[in-house]
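A closer look at the structure
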Amino acid sequence: MKMKILVYPTLSLSLLLVSCTPQVSVSPPVGSLSGQDTLRSQSVSFTYIAPRSYSTQVVEATAAKFIKLTLVGEGLSGTFSNSGGFVAVDQAGKATATVANVPIAAGKLRVVSVQGYDANQQALPAFVGKGYYLSKSGQASVTVQIDRRRLVLGKVLEQLLQTSPGKISGLNLDALQTQIDTATGFNATNKSFTFDPLSIDIAKLTTLVKNGAEPLTSTQITTGAKSSAVNVNLAWKTPNGLATNEDFKIIINDPQSTPLTRAKYQLSPGNSTLNNVLQGTWTASFQKTDGTVLGTTEITVDHDGNFTQATNPVILNGILESPTLTGTIRGYIGTGAFSSTGDTGLPATATVKGPDGVAFDSQGNFYVSEFLGHRIRMVAAVSGTFFGQAMTAGNIYTIIGDGNAVSSGDGAAANLAQTSAPAQIHIDSQDNLYFSEQTAGSRVRMVPKTSGTYFNIAMTAGNVYTVLGTGVQGNGADGAAGPSTQVGITSGISRDNNGNLYVSDYVFHKLRKLDALTGLVSTFAGTGVAGTTGHGGLPTAAQINVPWGILIDAKENIYFSEINGNVIRMIPAMSGTFFGITMTAGNIYTIVGTGAASSTGDGGAPSAATIQGPRGIAMDKNGNIIMTDNGNKIRMISALTGTFFGTAMTAGNIYSIAGTGASGFNGNDQASTLAQTNGHEAIAIQAGTNRIFFGDLFNHRVRFIE
């Protein structure tokens, strides 16, 4: 049987339709014999016509630029999608897509959905059409409406297909649809529904139908308006004993991402009241006046005006804060699956393929590179448009790369560029993004936050540019421009207060420097010969052995790790005594490790400890130095005496704060020193909280310690 379906979704389904009822018309089957279909499968074609008319309530209506179609149903193994992926909407506002080879089963339910996408192929959350039909032998014609009211029952049936497929048989769909079309809401006291198609409680309706109340009785269906807006009293807290007085604001978004309430309050332990909050479930975002997110909590107002708050955020001086860092490991991104999925959704349900570099920008947005997935992804801290995409706070998005190991797109928008094995990430104080690529010819590339000239290259904000490397591996001479200089394989990246960029080349055992003004390359440390020599001398005369991570602190001290040297080394900006070592400004010193490839010496001086193949290195706001140890540990040189991450520490000594030394994964939400890890190459510190984030490379997860 072939089904020709014409879809006229005349609205983004979060909006109120005033004309052009969308419908789907299905051609009759080829034929039937003794009540059975003569064909084994059907091809379902949808023709989409863009919206033309909206009500005066519409603030902004964006027509879809692409569509995708899906179909689920009784007896079907999984979800059927239209062939060819994204289907473009032409200039006339039309598109046709086909879901092929859908098995026919007489009298079985089918739920069809059309999803709209913007020009960047990002889903429009409000643009979802849904309807249903029955696959019947000998059926002359079928009409399936896809509009707001049809959407309600379509969602209910879709949930029943997933949770209680046996409850579908025998449903009087026409009677149920009629009752939904004429009802508005739900009353928690007597369990009666008064449905409002704009804000229907799908879960409650599904439960009612699932429990056998179909068609709904007169005592279960009433008409009437939903509850009026209510005042919401949001609770939040600060750690005991803190004097806090920084201004902040609370923003509550409705499901259509339209700000309902904006208010500014003084930060002090207690609560804040927001007026006239409508029925629904929303996220309340606590933000600084500059937009930095302090914390979030989910709130729900039901039809009767009852209010619930899911969490009670802890806030410290304008930053979401844990009262104490207890040494607990948590999951942030990834399920452990070896794939790259979940864009536009929550990080916890997304998958990442070999997460490597990690970083935060000044707004709290989080970035992670997928070394094996050939992408760079971002978790937005605030809602807005970033890298050419509309983003929702708390969700994850791909900002560079498409999964192919190709380095391309210089001069073009980041979301159109490709990247090959991106490794380390660096975000400078101006929120410029840098990343190193480790295959297809190593490069260091940059996405500027604002347009301007960087490293003697004119750049446009949001576009990608190569600042170091030609794409051909080699030991390029000093004195040439960055994009003309061959490098081996780059890894660590950091920028000093003058804008100069420092990059580690672990093939040719050097730290290279890219001048901020001239864009010319020089060697800052290393002779090009592998070794760990030159302690106390000039960096350019010292041998270094597979340099990886680089850290430049606020005082311009430079730290870097040597994988094969099994040490952390430092080049101080000023003369003095650091880590128990008398140092001369500009010279090179070993501060962690003896050269032995092991992980010993916790509780003692860093210079007497051993460290195995260190890679990532970072410093938190208290001056603690955190580093990865390839012995499947994360270690820390404490700047203060006290208890941190659940461990009693003495200032200046080294301690393990995560990992058992065994590779593997044995779960989150436990003491970090009992948790197994499996390859970590970078560290990022969340400003304010001091939480330590890292990519667990071969566990395909991003995790953090608090």
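Up top is the structure.
Read on for a plain summary of the structure. (Residues numbered from 1 in each chain as written. Predicted model: local features only at pLDDT ≥ 70, side-chain atom pairs only at ≥ 80, totals over all residues. Heavy atoms only, no water.)

**So, the sheet that holds strand E47 (residues 617-619)**
What counts, and what does not: At least two DSSP bridges between two strands are needed for those strands to be called paired. Helix numbering and strand numbering both begin at the N terminus, where a helix is a DSSP run of H or I of at least 4 residues and a strand a DSSP run of E of at least 2. Axis definition: a line fitted to C-alpha atoms, over the contacting stretch in the case of helices. Angles run 0 to 180 degrees between N-to-C directions.
An order of E47-E48-E49-E52 is seen for the four strands of this open sheet, with the pairing classed as antiparallel. Taken across any chain shown, the strands that pair with only one partner, and hence form the sheet edges, are E47 and strand E52 (654-658). The average undirected angle you get between the axes of adjacent strands in this sheet is 30 degrees. In the sheet, E47 pairs with strand E48 (residues 625-629) via three bridges, with the strands oriented antiparallel. Within the sheet, the bridge partner assigned to Ile 617 lies in E48 and is Met 627.

**Here's the deal with the environment of Ile 558**
To be explicit about the condition: Buried, partly exposed and exposed residues are distinguished by accessible area as a fraction of the type maximum, computed with a 1.4 Å probe on protein chains only: under 20%, between the cut-offs, and over 50%, respectively. Two residues form a contact once any of their heavy atoms are found within 4.5 Å.
Mapped onto the elements of the fold, Ile 558 is located in strand E42 (residues 558-562). Owing to a relative accessible area of 5%, Ile 558 belongs among the buried residues under this scheme. In this structure the C-alpha to C-alpha distance between Ile 558 and Met 570, which are 12 residues apart in sequence, comes to 5.6 Å. When near neighbours in sequence (up to four residues on either side) are disregarded, Ile 558 contacts Tyr 502, Phe 524, Ile 550, Leu 551, Ile 552, Arg 569, Met 570 and Ile 571.

**Focus: the side chain of Asn 365**
What counts here: Polar contact is the term for a pair of N or O atoms within 3.5 Å; when the atoms are in protein, one must be able to donate a hydrogen and the other to accept it, and sequence-neighboring residues count only if both atoms are side-chain atoms.
Mapped onto the fold, Asn 365 is located in the loop between strand E25 (355-360) and strand E26 (366-370). Residue classification places Asn 365 among the buried residues on the basis of a relative accessible area of 2%. A distance of 2.9 Å separates polar atoms of two side chains, one belonging to Asn 365 and the other to Asp 361. A distance of 2.7 Å separates the side chain of Asn 365 from the backbone nitrogen of Ala 381, its partner in a polar contact. Other than its neighbours up to four places away in sequence, Asn 365 contacts Ala 359, Phe 360, Met 378, Val 379, Ala 380, Ala 381, Val 382 and Phe 386.

**So, the packing of aromatic side chains**
Inclusion rule: Only rings of Phe, Tyr and Trp enter the pairing, Trp through its six-membered ring, and a pair is recorded when the two centres are within 6.5 Å. The plane angle decides the type: under 30 degrees is stacked, over 60 is edge-to-face, the rest tilted. The criterion for a charge sitting over a ring is simple: Lys NZ or Arg CZ within 6 Å of the ring centre, and within 35 degrees of the ring normal.
Scanning the model with the defined rule gives 13 aromatic pairs in all. Residues Phe 366 and Phe 693 carry aromatic rings whose centres are separated by 5.5 Å and whose planes lie at 45 degrees to one another, so their mutual orientation is tilted. With Phe 366 in strand E26 and Phe 693 in strand E55 (residues 692-696), this pair connects stretches of sequence that are 327 residues apart. The rings of Tyr 332, Phe 360, Phe 366, Phe 693 and Phe 704 are connected pair by pair, giving a single aromatic cluster. Sitting above the plane of the Phe 338 ring, Lys 353 keeps its charged end 4.9 Å from the centroid. Arg 701 extends its terminal NZ or CZ atom over the ring of Phe 665, reaching a point 3.7 Å from the ring centre.

**What to know about the layout of surface pockets**
To keep things clear, this is the line we draw: The definitions used throughout rest on a 1 Å grid laid over the protein atoms alone, on which a cavity is an enclosed set of points accommodating a 1.4 Å probe that cannot get out and a pocket is an open set flanked by protein within 12 Å on both sides along at least five of seven lines; lining residues are those having an atom within 4 Å of a point. Grid points are joined across faces, edges and corners, and a volume is the space filled by probe spheres set on the points. Residues were grouped as follows: Ala, Val, Leu, Ile, Met, Phe, Trp, Tyr, Cys and Pro as nonpolar; Asp, Glu, Lys and Arg as charged; and all remaining residues, including Gly, as polar.
There is about 350 Å³ of room inside the second largest pocket. The element contributing the most residues to the lining of the second largest pocket is strand E30 (residues 396-400), with three residues. The residue makeup of the lining of the second largest pocket, split by class, is six nonpolar, nine polar and three charged.

**Here we look at the pairing of strand E37 (residues 490-495)**
Side-chain direction in a regular strand flips from residue to residue, so the side chains alternate between the two faces of the sheet. Across the six residues of E37, six count as buried, placing the element largely inside the fold. Where E37 lies against strand E38 (residues 501-505), four bridges are found, and the strand directions are antiparallel. Residue pairing for E38: Ile 493 is matched across the bridge by Val 503. In sequence, E37 turns back onto E38 through a hairpin of five residues, with Gly 499 there showing a positive phi of about 90 degrees.

**Looking at the nonpolar core**
This is how it is decided: Among buried residues, those of type Ala, Val, Leu, Ile, Met, Phe, Trp, Tyr and Cys that are joined through side-chain atoms within 4.5 Å constitute a nonpolar core.
Membership of the largest hydrophobic core comes to 20 residues, with the highest contact counts inside it found for Met 378, Phe 387, Ile 399, Ile 400, Ile 425, Leu 433 and Val 447. The set of elements that each furnish at least two residues to this core consists of strand E27 (375-379), E30, strand E31 (422-427) and strand E32 (433-437). The greatest single-element share of this core, amounting to three residues, is contributed by E30. When residues no more than four places from it in sequence are discounted, the contact partners of Phe 387 are Tyr 367, Met 378, Ile 399, Ala 414, Asn 415, Leu 433 and Val 447. Among the nonpolar cores identified, the runner-up in size contains 19 residues, and Leu 157, Leu 161, Leu 176 and Val 209 belong to it.

**Remarks on the environment of Ala 413**
Here Ala 413 is to be found in the loop between E30 and E31. With 48 residues separating them along the chain, Ala 413 and Ala 461 place their C-alpha atoms 8.6 Å apart. Those residues within four positions of Ala 413 in sequence are excluded, and the remaining contacts are Gly 462 and Asn 463.

**Describing the pattern of salt bridges**
Condition: The working definition used for a salt bridge is a side-chain nitrogen of Lys or Arg within 4 Å of a carboxyl oxygen of Asp or Glu.
Inspection of every chain in the model, using the stated rule, returns 14 salt bridges. Where Arg 330 meets Glu 706, a salt bridge forms, and the shortest distance between an N and an O atom there is 2.9 Å. On the criterion of sequence distance, the pair formed by Arg 330 in strand E24 (residues 328-333) and Glu 706 in the segment after strand E56 (701-705) is long-range, its members being 376 residues apart. Here Arg 330 falls in the partly exposed class, since its relative accessible area comes to 26%. A salt bridge links Arg 703 to Asp 696; the shortest N-O distance between them is 2.8 Å. Its relative accessible area of 0% is what places Arg 703 among the buried residues. Salt bridges linked by common partners bring Arg 330, Asp 669, Arg 691 and Glu 706 together as one network.

**Some remarks on the sheet that holds E42**
If you walk across this open sheet you meet the four strands as E41-E42-E43-E46, and the pairing is antiparallel. Only two strands of the sheet have a single neighbouring strand rather than two, namely strand E41 (547-552) and strand E46 (589-592). This sheet shows a mean twist of 30 degrees between the axes of neighbouring strands, independent of strand direction. As paired elements, E42 and strand E43 (residues 567-571) share five bridges and run antiparallel to each other. Note on E43: the bridge partner recorded for Ser 561 is Ile 568.

**Focus: the pairing of E55**
In terms of residue burial, E55 counts as a mostly covered element, since five of its five residues are buried. Judged by which residues are buried, E55 turns out to be covered on both faces: Ile 692, Phe 694 and Asp 696 on one side and Phe 693 and Gly 695 on the other are all buried. Both E55 and E56 contribute to a ladder of five bridges, which runs antiparallel. Residue Asp 696 lies in a different strand from E56, and its bridge partner there is Arg 701. Count of turn residues in the E55/E56 antiparallel hairpin: four residues, of which His 700 carries a positive phi of about 55 degrees.

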